[in-house]
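# A look at the structure
Each chain, written out:
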Amino acid sequence: MYEKKQKGWRKHIDFILLDILCLQLAFVLAYFLRFGLENPYVNNEYRSLAGVYILIDLLVAVMFDSFKNVLRRGYYKEFTAVLKHACFVEAAMLMYLFS
């Protein structure tokens, strides 16, 4: 009854998990469009790529506090926050793929 409110990224763990789930769904759908109805997690390279996507998305969400005031943002602020988050994730993935 008298619990302290959670602070930081822990109070938005549901949004982070939903974001990771949607990212993996998009990853699987993109694999299906490219290679047909095959399991992308059978191929070792794509399985590791999916794991790196999860880690990078989690790190970007925590480090840049992407979900701060997520329930109070308007349409424009939400659009810019989503665009910024997606650009950071893709930039980190490009750095990983080129390294």
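Let me sum up the structure you'll find in this document. (Residues numbered from 1 in each chain as written. Predicted model: local features only at pLDDT ≥ 70, side-chain atom pairs only at ≥ 80, totals over all residues. Heavy atoms only, no water.)

Our focus in this paragraph is the nonpolar core. Nonpolar side chains tend toward joint burial in soluble globular proteins. Within the largest apolar cluster, nine residues are counted, these being Phe27, Leu49, Ala50, Val52, Tyr53, Ile56, Val60, Val89 and Met93. Elements with a minimum of two residues in this core: helix H2 (44-63) and helix H3 (75-98). Sorting elements by how many residues they give to this core places H2 first, with six residues. Once you skip the residues sitting within four places of it in the chain, Met93 turns out to touch Leu49, Val52, Tyr53 and Ile56. Among the nonpolar cores identified, the runner-up in size contains five residues, and Ile16, Ile20, Ala61 and Val70 belong to it. (Core = buried A, V, L, I, M, F, W, Y, C linked by side-chain atoms within 4.5 Å. Buried < 20%, exposed > 50% of the residue type's maximum accessible area, 1.4 Å probe, protein only. Helix = DSSP H or I, 4+ residues; strand = E, 2+ residues; numbered from the N terminus. Contact = heavy atoms within 4.5 Å.)

On to H2, then. Compared with an ideal rise of 1.5 Å per residue, which puts 20 residues at 28 Å, H2 spans 28 Å between its outermost C-alpha atoms and is within 8% of the ideal. All of the buried residues in H2 are Leu49, Ala50, Val52, Tyr53, Ile56, Asp57, Val60 and Ala61. All buried residues of H2 project into a common sector of 165° when viewed along the axis, lining one side. Exposed positions of H2 whose direction lies more than 90 degrees from the buried face are Asn44, Leu55 and Met63. If you follow the buried residues of H2, they end up packed against helix H1 (13-35) and H3. The residue sitting at the N-terminus of H2 and contributing the capping side-chain oxygen is Asn43; that oxygen lies 3.2 Å from the backbone nitrogen of Glu45. Of the residues trailing H2, Asp65 is marked for its positive phi of about 50°. (Expected span 1.5 Å × (residues − 1). Arc of directions from axis to C-beta. Polar contact = N/O pair within 3.5 Å; in protein donor to acceptor, adjacent residues only side chain to side chain.)

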